[in-house]
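Take a look at the letters that make up each chain.
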Amino acid sequence: MRAPAPVRLAVAALLALPALLLLPAAAMAEKLVISLSTDRVQIASNFTGDDIAVFGSIDLPAYLTEGIAYDVVVTVQGPRQSFTTRRKERVLGLWVNVDSREFVEAPAYLAVLSNRPLADIADGDVQRRERLGIANVRLLQRIGPDYADTVADDVFRQAFVRIRGGEGLYIESDADVSFLTGTVFRATVPLPPNVPTGRFDVDVKVFAAGQLVARDQAALTISKVGFEHFVAVYAHDHALIYGLAVALMALGTGWLASVIFRRD
């Protein structure tokens, strides 16, 4: 004899319950949508720096309430380049280079912005796993024939980060992300006058109770326009002619200065 329909439905629901409990966490987590105030910045001769706004909205699932406190970490990485950091020592009264390290494909610009200190957002293991903060961003270093990601207290890494930070190109701030409501936030990304051109990747992560609950990404392009753009393109495409032109210009400027300031 077949069981009544209500009984069969109840049994089916009980059998399906374990499968529902095993659904991936991502399918039940918050969703994040971000947008940039602009996705393209054009640099002319009068460029003195700019700020880009990143807006985000956290979409709550039906089973969550508004009482959850969120944290946001925005990481912006500029075009990849190779840099060399040198260590100098005093030898016979002169400062000379005694050692160097090359950082391969390192971000030319790096900004890590959050609404409060990273140590208050997540513990050290989560920070390392999610690459939160400049100390945890991967900086590949060439050491002889080998390549390795250096630890945060490596002297060459510290010197490289300090130099880039002094130029305004490596930034870590816990005051540039603010919540407009409990689930809507705004981040301000500062671009210094010497910002490099190219593609910038914007990675936004949302945390709750120290764990990553949502993530979204966007891209920003910075390019030169006008005479600066013409010079940069010509120097890249016609390096030899550009070099000769610069050398002739320097010689001509020197000769003209000697004529103007010559004493009889």
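Cut-off values and rules
- Residues numbered from 1 in each chain as written.
- Predicted model: local features only at pLDDT ≥ 70, side-chain atom pairs only at ≥ 80, totals over all residues.
- Heavy atoms only, no water.
- Helix = DSSP H or I, 4+ residues; strand = E, 2+ residues; numbered from the N terminus.
- Buried < 20%, exposed > 50% of the residue type's maximum accessible area, 1.4 Å probe, protein only.
- Contact = heavy atoms within 4.5 Å.
- Areas by Shrake-Rupley, 256 points an atom, 1.4 Å probe, with all protein chains shown as cover.
- Salt bridge = Lys/Arg side-chain N within 4 Å of Asp/Glu carboxyl O.
- Polar contact = N/O pair within 3.5 Å; in protein donor to acceptor, adjacent residues only side chain to side chain.
- Pairing = 2+ DSSP bridges.
- Axes fitted to C-alpha atoms, helices over the stretch in contact; angles between N-to-C directions.

Explain the overall build of the protein here, please?
Broken down by element type, the protein carries six helices and 14 strands. Per-residue burial for the protein yields a buried fraction of 32% across its 264 residues. Sequence separation of at least 24 residues holds for 68% of the intrachain contacts in the protein that already meet a minimum separation of 6. Carbon and sulfur atoms provide 59% of the accessible area of the protein, an area that totals close to 16300 Å².

Sorry, what's going on with the pattern of salt bridges here?
Here the idea is simple: oppositely charged side chains can pair when their charged atoms come close. The full count for this structure, using the stated rule, is seven salt bridges. A salt bridge links E167 to R164, with the shortest nitrogen-to-oxygen separation between them at 3.3 Å. Owing to a relative accessible area of 37%, E167 belongs among the partly exposed residues under this scheme. Judged by relative accessible area, which is 10%, R164 ranks as buried. Here R199 ties to D201 by a salt bridge, and the two come within 2.8 Å at their closest N and O atoms. Because the salt bridges share partners, they merge into one network encompassing R129, E130 and K205.

What is the right way to read the side chain of S114 from this model?
Examined against the element boundaries, S114 turns out to sit in strand 7 (residues 110-114). Separated by 2.8 Å, the side chain of S114 and the backbone oxygen of R116 make a polar contact. Not counting the four nearest positions on each side in its chain, S114 is found in contact with V72, V73, I121, S173, D174, A175, D176 and V177.

Would you mind showing me how to read the sheet that holds strand 7 here?
Strands belonging to one sheet form pairs held by backbone hydrogen bonds; the direction of such a pair is parallel or antiparallel. Strand order in the open sheet formed by six strands is 2-14-13-4-7-10, with mixed pairing between adjacent strands. Among the strands making up the open sheet, the edge pair consists of strand 2 (40-43) and strand 10 (170-173). Direction aside, neighbouring strands of the sheet carry axes that sit 15 degrees apart on average. In this structure, strand 7 lies alongside strand 10, joined through four bridges in parallel fashion. Its bridge partner lying in strand 10, L110 is registered against Y170.

Looking at this model, I keep getting lost on the sheet that holds strand 12 (residues 184-191). Mind explaining?
Judged by pairing direction, the sheet is antiparallel, and its four strands sit side by side in the order 1-3-12-11 without closing on themselves. With partners counted over all chains shown, the strands left at the sheet margins are strand 1 (31-36) and strand 11 (177-179), one partner each. Neighbouring strand axes in the sheet, compared pairwise and without regard to direction, differ in orientation by 20 degrees on average. As defined by bridge partners, strand 3 (residues 50-59) adjoins strand 12 across eight bridges and the pair is classed as antiparallel. Paired with G56 across the two strands is F185, which belongs to strand 12.

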